[in-house]
Amino acid sequence: MRADTSDVAFRLLLALGELWDGLSRADIDPTSRGLHLTLEYLGGYTRYSAGPASHPRLVVEWSESARHLRVLRCDDWAGFEATVSNTVSYIRAEARARGLIEVVDKSLAVACQEPLPARRTVVHGPPAPVAPVLKRA
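Per chain, residue numbering runs from 1 following the sequence as it is written. Under the rules for a predicted model, residues below a pLDDT of 70 receive no local features and side-chain atom pairs below 80 are neither given nor counted, while totals for whole chains, interfaces and linings still include all residues. Computation of side-chain values covers all heavy atoms of the structure but excludes hydrogens and water.

Asks: What am I meant to see in the nonpolar core here?
Replies: A general trend in soluble globular proteins is that nonpolar side chains are found buried together. For the purposes of this section, nonpolar cores are sets of buried Ala, Val, Leu, Ile, Met, Phe, Trp, Tyr and Cys residues that join through side-chain atoms within 4.5 Å. When accessible area is computed with a 1.4 Å probe and restricted to protein chains, residues below 20% of their type maximum are described as buried, those above 50% as exposed, and intermediate ones as partly exposed. Counting residues in hydrophobic clusters, the biggest one holds 32 residues, and the most contacted among them are Phe10, Leu13, Leu16, Leu58, Val60, Val104 and Leu108. A run of H or I in DSSP counts as a helix once it spans at least four residues, and a run of E counts as a strand once it spans at least two, with each numbered from the N terminus. Every element with two or more residues in this core is listed here: α1 (8–25), β2 (46–51), β3 (58–63), β4 (68–74), α2 (80–97) and α3 (101–112). The element contributing the most residues to this core is α1, with 10 residues. A contact between two residues is defined here by any heavy atoms of the two lying within 4.5 Å. When neighbours within four sequence positions are excluded, Val60 is seen to be in contact with Ala3, Phe10, Thr46, Arg47, Tyr48, Leu69, Arg70, Val71 and Leu72.

Asks: Looking at this structure, how should I read the state of the cysteines?
Replies: By definition, a disulfide links two cysteine residues through a covalent bond between their sulfur atoms. Any two cysteine sulfur atoms lying within 2.5 Å of each other are counted as a disulfide. Taken as a whole and assessed by the stated rule, the structure comprises 0 disulfides. In this model Cys74 remains outside any disulfide bridge; the closest cysteine sulfur is found in Cys112, 20 Å from its own. Given the relative accessible area of 34%, Cys74 is considered partly exposed. Since its relative accessible area comes to 43%, Cys112 is described here as partly exposed.

Asks: What's the story with the side chain of Arg11 in this structure? I'm lost.
Replies: By the secondary structure assignment, Arg11 is in helix α1. At 5.5 Å, Glu114 is the nearest oppositely charged side chain to Arg11, a buried residue that forms no salt bridge. A polar contact is formed between the side chain of Arg11 and the backbone oxygen of Ser6, at a distance of 3.3 Å. Leave out the neighbours within four places in its chain, and Arg11 touches Thr5, Ser6, Ala111, Cys112, Gln113 and Pro115. In this tally, Asp and Glu contribute negative charge and Lys and Arg positive charge; neither His nor the terminal groups of the chain are included. Only one rule defines a salt bridge in this text: a Lys or Arg side-chain nitrogen within 4 Å of an Asp or Glu carboxyl oxygen. N or O atoms closer than or at 3.5 Å make up a polar contact, with two conditions inside protein: a donor-capable atom paired with an acceptor-capable one, and, for residues adjacent in sequence, both atoms drawn from side chains.

Asks: What am I meant to see in the sheet that holds strand β1 (residues 36–41) here?
Replies: Pairing between the strands of a sheet is mediated by backbone hydrogen bonds and can be parallel or antiparallel. The strand order across the open sheet built from 5 strands is β1-β2-β3-β4-β5, with neighbouring strands paired in mixed fashion. Every interior strand has two partners, whereas the edge strands, β1 and β5 (119–122), have only one. Strand-to-strand twist of the sheet, defined as the mean angle between neighbouring strand axes without regard to direction, takes the value 20°. Relative to β4, β3 runs antiparallel, the two sharing 6 bridges. The residue bridging Ser63 from the neighbouring strand is His68, located in β4. In the packing of α1 onto the sheet, contacts are made with β1, β2, β3 and β4, and the angle to β1 comes to roughly 70°. Should DSSP find at least two bridges between two strands, the strands are taken to pair. Angles here are taken between N-to-C directions and fall from 0 to 180 degrees, while the axes themselves are lines fitted to C-alpha atoms, restricted in helices to the stretch in contact.

Asks: In this structure, what is going on with the packing of α2 against α3? I would like to understand it.
Replies: Helix-helix packing is characterised by the crossing angle of the two axes and by the distance between the axes. One can describe the packing of α2 onto α3 by two numbers: an axis separation of 8 Å at closest approach and a directional angle of 150°. Taken together, α2 and α3 sit at an angle that is classed as roughly antiparallel. Contacts between α2 and α3 involve Val88, Ile91, Arg92, Ala95 and Arg96 from the first element and Ile101, Val104, Asp105 and Leu108 from the second. Looking at the contact of α2 with α3 residue by residue, the class counts come to 6 nonpolar, no polar and 3 charged. For classification, angles of less than 35 degrees are called roughly parallel, those exceeding 145 degrees roughly antiparallel, those between 65 and 115 degrees roughly perpendicular, and all remaining angles oblique. Charged means Asp, Glu, Lys or Arg here, nonpolar means Ala, Val, Leu, Ile, Met, Phe, Trp, Tyr, Cys or Pro, and polar covers whatever is left, Gly included.

Read these as geometric descriptors, not functional statements.
Rendered as structure tokens:
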């Protein structure tokens, strides 16, 4: 898995995030194919936490206006592309059945287009605690 806007599967994940709440309101359960995703809006950035279960393996913050991606966590996730693909297929089928396919396909088609340049920052975890230095008298 690559947390990078040049990766189509990652861009599809961001598009799914934008659709997530609306899908739930339309009685489409986007988690039914194993992808769990939460969004937090942080004043200019949107934090995406995603994983195959409740423990996120990917945590990123994306600013569409600044085209800036901050990668906070990117753990190994075997089957990431397959999970995203299965979720997209399921959502498209359910959206078609409910007459919402145009909205869903528009968002997914934009995600599949060649991206505009973006800046990417990898934020490493907090520094390890340093033991206090004892002074000799």
